Amino acid sequence: MRPLPDQLAALGYAVMKTGTTERILPHAIRQKFEIAPDGTLVPPTEGSTRPTSMTVTNAGLAVVEQFDLRVP
């Protein structure tokens, strides 16, 4: 599936990227980490059976792209 801006451009809309910004999400972001064989913390891979050694919770900030949409 193509990103929404590409889909709208294919329909004839004039789509222009105007920049990026940050949004505060209504929830915190939780990240789980495992200890790799070399001792570093790494995100778990799909199907991993290693125990989670650390969970980090941080503010729900997300970088988003902004677009200007014009009707043709």
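Residues numbered from 1 in each chain as written. Predicted model: local features only at pLDDT ≥ 70, side-chain atom pairs only at ≥ 80, totals over all residues. Heavy atoms only, no water.

Quick look at the overall build of the protein
And step 1. Within the protein, the regular secondary structure consists of one helix and five strands.
And step 2. The C-alpha atoms of the protein give 19 Å as radius of gyration, which overshoots the globular expectation for 72 residues (11 Å, by more than 25%).
And step 3. Based on the C-alpha atoms only, the size of the protein along its principal axes is roughly 55 × 25 × 20 Å.
And step 4. Split into buried and exposed, the 72 residues of the protein put 6% on the buried side.
And step 5. For the protein, the share of sequence-separated contacts (at least 6 apart) that also reach a separation of at least 24 residues comes to 62%. (Helix = DSSP H or I, 4+ residues; strand = E, 2+ residues; numbered from the N terminus. Rg over C-alpha atoms; globule rule 2.2 N^0.38 Å. Buried < 20%, exposed > 50% of the residue type's maximum accessible area, 1.4 Å probe, protein only. Contact = heavy atoms within 4.5 Å.)

Here we look at the pairing of strand E2 (residues 29-35)
And step 1. Both E2 and strand E4 (residues 54-58) contribute to a ladder of five bridges, which runs antiparallel. Within E4, the position partnered with Phe33 by the bridge is Met54.
And step 2. With two bridges joining them, E2 and strand E3 (residues 41-42) adopt antiparallel strand pairing. Its bridge partner lying in E3, Glu34 is registered against Val42.
And step 3. Connecting E2 to the next strand, E3, in antiparallel fashion are five residues, including Gly39 with a positive phi near 95°. (Pairing = 2+ DSSP bridges.)

Let's talk about the confidence of the model for the protein
And step 1. When pLDDT is averaged along the protein, the result is 88; 100% of the residues meet or exceed 70.
And step 2. E4 is the least confidently modelled element of the protein, averaging 82 in pLDDT, while strand E1 (residues 14-24) averages 94, the highest of any element. (pLDDT = per-residue confidence, 0-100.)

Brief notes about the sheet that holds E3
And step 1. Spatially, three strands are ordered E3-E2-E4 in an open sheet, and the strand pairing comes out antiparallel. Single-partner strands in this sheet number two, and they are E3 and E4.

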